[in-house]
Amino acid sequence: MAKLEYIWLDGYKPTQSLRSKTKIEGDFSGKLEDCPNWSFDGSSTEQAPGGSSDCILKPVFICPDPQRRDAYLVMCEVLDSKGEPHESNGRAHIEDDDNDFWFGFEQEYFLWDPETNKPLGFPVNGYPAPQGPYYCSVGAKNAFGRDIVEEHLDACLDAGLNVEGINAEVAAGQWEFQIFAKGAKEAGDQIWVARYLLERIGEKYGVSINWHCKPLGQLDWNGSGMHANFSNTLLRTVGSEDVYKQILEAFRPVVAEHIAVYGADNDQRLTGKHETASIHDYSYGVSDRGASIRIPLYTKQKGWKGYLEDRRPNSAADPYKVAARIIKTVKSVKI
Ligand code: ADP
Ligand code: MN
Ligand code: MN
Ligand code: MN
């Protein structure tokens, strides 16, 4: 008997959350094509009215569930009762999933204590010492929640997700993991499954995951991003500063379209402070962490062959939508 955890995104706005339930299958092959469609009560997830509540789960990605016996994680798209992609189904609405596009998402998040309603490391009253010592820290004075982070890293690797690294972030209780994948769907699937594993591991420790981009409000604490590093063959091989500029300029007239899918409440985070650019501006620069898009020094040093980092997507953004929008804008440039 195999346990298949069917995972999907609910219909809440502006930020969708993960939902899941377990399906038991006998003689399961472990293959995606042997995962049947399933259904759920969409009236409990803001995806259907009560009188016509069934929505359909269509499996699209599978990996082993490393923390449960005889088990798999099955990422699903949501279809409506007619079998059409539900409007909440960002994955199905990816117009052009071009696997020539590589994405490296840097997912930041806060480990959050539900009792104090504050990040791990924050005292019940007041604040810990100001930002400075926490980024990439070691030691119980500054690093909070490492057990969870380590368990998550192992779980992701055991599941076969392409994690590239982890680090403690600038605020106390804030961490990051990076995932690299080719194509918008694959990158989104991996990020969502990694988020799922983190949420579930947090349960064991009584710690929740705060994905909000500015959970501490307008205090002197960094918000959380999901920087989108991206490249296609052109960016990886062109060797021309001019072509890089043409691509970077293609982002300028579509700032609003990008911000629309870069996560809720991003105006609270993109203030021009705390390593962000203002939401009202569009800028780019080599090695510039105060720009909308950073050109990594590596890209310039390699003679304009490499990748770009869009720093605007936030921690709660849907990676399917972010990746799809980036592909669309880059491909609007005709070289
Ligand atoms: P930062 O210095 O911004 O914190 P990180 O090391 O956290 O950078 O993340 C950099 C990300 O860039 C990694 O996830 C990596 O996979 C990604 N990356 C590296 N090269 C490419 C490339 N050619 N195309 C897309 N992403 C890339
Ligand atoms: Mn990083
Ligand atoms: Mn970071
Ligand atoms: Mn970054």
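A.B. asks: Could you clarify how one ought to interpret the domain arrangement of the protein in this entry?
C.D. replies: When its domains are assigned, the protein resolves into domain 1 (2-89) and domain 2 (102-331). For domain 1 versus domain 2, the separation of C-alpha centres amounts to 26 Å. At the junction of the two partners, domain 1 supplies 17 residues and domain 2 supplies 20 residues. Across the domain 1 to domain 2 interface the summed buried area is about 1600 Å²; carbon plus sulfur atoms make up 68%. For the pair domain 1 and domain 2, the interface holds one salt bridge.

A.B. asks: Sorry, what's going on with the coordination of the manganese ion (ligand 3) here?
C.D. replies: Geometry reference: four tetrahedral donors at a metal, ideal angle 109.5 degrees. Six octahedral donors, ideal angles 90 or 180 degrees. Within the protein, the atoms that donate to the manganese ion (ligand 3) are E108 (OE), E169 (OE) and E176 (OE), at distances of 2.1 to 2.2 Å. Every donor residue of the manganese ion (ligand 3) comes from the same chain, spaced as E-x60-E-x6-E. The metal-metal distance between the manganese ion (ligand 3) and the manganese ion (ligand 2) is 3.6 Å, with E176 serving as a donor to both. Residue E108 is located in strand β6 (residues 102-113), and its partner E169 is located in the loop between β8 (163-168) and β9 (174-182); the two are separated by 61 residues in the primary sequence. Of the residues examined, E108 reaches a relative accessible area of 9% and is grouped as buried.

A.B. asks: Where do I start with the pairing of β8 in this structure?
C.D. replies: Taken residue by residue, a regular strand's side chains alternate between the two faces of the sheet. Two strands pair when backbone bridges link them, and β8 and β9 are joined in this way by five bridges, in the antiparallel orientation. Residue V163 lies in a different strand from β9, and its bridge partner there is I179. Linking two consecutive strands that pair antiparallel, namely β8 and β9, is a turn of five residues; a positive phi of about 80° is found at G173 within it.

A.B. asks: How do you make sense of the coordination of the manganese ion (ligand 4) when you look at a structure like this?
C.D. replies: Distances from the manganese ion (ligand 4) to its protein donors, namely E106 (OE), E106 (OE), H227 (ND1) and E309 (OE), fall within the range 1.9 to 2.4 Å. In terms of primary sequence, the donors binding the manganese ion (ligand 4) are separated according to E-x120-H-x81-E.

A.B. asks: Mind showing me how you'd approach the environment of N89 here?
C.D. replies: Structurally, N89 can be placed in the loop between β5 (71-79) and β6. For N89, a relative accessible area of 5% gives the class buried. A sequence separation of 119 residues divides N89 from S208, and the C-alpha atoms of the two residues are 25 Å apart. What N89 contacts, discounting residues up to four positions off in sequence, is E77, V78 and L79.

A.B. asks: Got a minute to help me understand the sheet that holds strand β2 (residues 18-25) in this structure?
C.D. replies: Within a sheet, neighbouring strands are paired by backbone hydrogen bonds and run either parallel or antiparallel to one another. With mixed pairing, five strands are arranged side by side in an open sheet as β2-β1-β5-β4-β3. If you trace the sheet from one side to the other, it starts and ends with β2 and β3 (38-41), each paired once. Ignoring strand direction, the axes of neighbouring strands in this sheet form an average angle of 40°. Sheet analysis places β3 next to strand β4 (residues 54-64), joined by four bridges and oriented antiparallel.

A.B. asks: Just to check I follow, could you spell out the environment of F101 for this structure?
C.D. replies: Relative to the helices and strands, F101 is located in the loop between β5 and β6. Counting along the chain gives 107 residues from F101 to S208, while the straight-line C-alpha distance between them is 33 Å. Residues within four places of F101 in sequence aside, it is in contact with A181, K182, G183, S231, N232, I327, V330 and K331.

A.B. asks: What is the right way to read helix α4 (residues 241-250) from this model?
C.D. replies: Residue pairs spaced three or four apart in an α-helix point in one direction, given the helix's 3.6 residues per turn. For α4, the set of buried residues is V243, Y244, I247, L248 and A250. Along the axis of α4, the buried residues cluster in a sector spanning 155°; they form a single face. Of the surrounding secondary structure, the elements contacted by the buried residues of α4 are α3 (233-237), β12 (284-286), β13 (293-295), α7 (297-301), β14 (308-310) and α8 (319-331). Sitting at the amino-terminal end of α4 is S240, which places a side-chain oxygen 3.2 Å from the backbone nitrogen of D242.

A.B. asks: I keep staring at a negative patch on the surface and nothing clicks. Help me out?
C.D. replies: A contiguous patch of negative charge, built from D147, E150, D154 and D158, is present on the exposed surface. In this fold, D147 is placed in helix α1 (residues 146-159). With a relative accessible area of 56%, D147 lands in the exposed category.

Conventions we followed
- Residues numbered from 1 in each chain as written.
- Chains lettered and ligands numbered in written order.
- Predicted model: local features only at pLDDT ≥ 70, side-chain atom pairs only at ≥ 80, totals over all residues.
- Heavy atoms only, no water.
- Domains from an automatic or database assignment.
- Contact = heavy atoms within 4.5 Å.
- Buried area = accessible area lost by both parts, 1.4 Å probe.
- Salt bridge = Lys/Arg side-chain N within 4 Å of Asp/Glu carboxyl O.
- Donors = N, O, S within 2.8 Å, 3.2 Å for Na, K, Ca; no water.
- Helix = DSSP H or I, 4+ residues; strand = E, 2+ residues; numbered from the N terminus.
- Buried < 20%, exposed > 50% of the residue type's maximum accessible area, 1.4 Å probe, protein only.
- Pairing = 2+ DSSP bridges.
- Axes fitted to C-alpha atoms, helices over the stretch in contact; angles between N-to-C directions.
- Arc of directions from axis to C-beta.
- Polar contact = N/O pair within 3.5 Å; in protein donor to acceptor, adjacent residues only side chain to side chain.
- Patch = residues over 30% accessible without salt bridge, like charges linked within 9 Å, V, L, I, M, F, W, Y side chains within 5 Å.
- Areas by Shrake-Rupley, 256 points an atom, 1.4 Å probe, with all protein chains shown as cover.
- Lys, Arg positive; Asp, Glu negative; His and termini not counted.
- Charge placed at Lys NZ, Arg CZ, Asp CG, Glu CD.

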